[in-house]
Amino acid sequence: MLTITTTNNLDGYEVVEYLGIVTGEAVSGINMFRDIGAGLRNVFGGRSAGYEDEMAQAREEVLREMSQRAEKLGANAVIGANVGYETFAEMIMTTACGTAVRVRRTS
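Since the model is a prediction, treat every value here as computed from it, not as a measurement. (Residues numbered from 1 in each chain as written. Predicted model: local features only at pLDDT ≥ 70, side-chain atom pairs only at ≥ 80, totals over all residues. Heavy atoms only, no water.)

1. Details of the side chain of Ser67
Piece 1. Note that Ser67 resides in helix α2 (residues 49–72).
Piece 2. Sequence-distant contacts of Ser67, defined by excluding residues within four places in its chain, comprise Leu2 and Ile4. (Helix = DSSP H or I, 4+ residues; strand = E, 2+ residues; numbered from the N terminus. Contact = heavy atoms within 4.5 Å.)

This is how it looks when you write it as structure tokens:
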């Protein structure tokens, strides 16, 4: 199983090969009913479960895509990973980026 970390190293492992940058991208549309619900929550307060669910699903998707791309390069880990979100029009863009590496246990 491929390991993903936001750090630049893994305790107990050494990087033996850097294989390149890997990414995952997803653009999700937000439907009108979620927008109406989110607008009401902006006025009255509260969390927008619809948006939160959409963001969680997109995050899982981009991490899975990034992992698959790393595995195709022969990696067994991705280091320095990050996830970002951007909104435009009625869309949420989610991206993941990291460095695909091959690591081996040092101890």
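The discussion continues.
2. Notes on a nonpolar patch on the surface
Piece 1. A grouping of Val27, Phe88 and Met91 is seen on the molecular surface, where their side chains present a nonpolar patch of about 240 Å² in accessible area.
Piece 2. With respect to the helices, strands and loops of the structure, Phe88 is situated in strand β3 (residues 77–88).
Piece 3. Taking the relative accessible area as the measure of exposure, Phe88 reaches 38% and is therefore partly exposed. (Patch = residues over 30% accessible without salt bridge, like charges linked within 9 Å, V, L, I, M, F, W, Y side chains within 5 Å. Areas by Shrake-Rupley, 256 points an atom, 1.4 Å probe, with all protein chains shown as cover. Salt bridge = Lys/Arg side-chain N within 4 Å of Asp/Glu carboxyl O. Buried < 20%, exposed > 50% of the residue type's maximum accessible area, 1.4 Å probe, protein only.)

3. A closer look at the pattern of salt bridges
Piece 1. Overall, the coordinates contain four salt bridges when judged by the stated rule.
Piece 2. Measuring nitrogen to oxygen at the nearest pair gives 2.3 Å for the salt bridge that ties Glu17 to Arg102. On the criterion of sequence distance, the pair formed by Glu17 in strand β2 (residues 13–29) and Arg102 in strand β4 (residues 91–105) is long-range, its members being 85 residues apart.
Piece 3. With a shortest N-O distance of 3.3 Å, Glu65 and Arg69 are connected by a salt bridge. In this pair, Glu65 and Arg69 both sit in helix α2, four residues apart, roughly one turn of the helix.
Piece 4. You can call Arg69 partly exposed: its relative accessible area is 34%.
Piece 5. Look at the salt bridges and you will find they share partners, linking Glu25, Glu65 and Arg69 into a network.

Taken by themselves, the reported measurements are silent on function.
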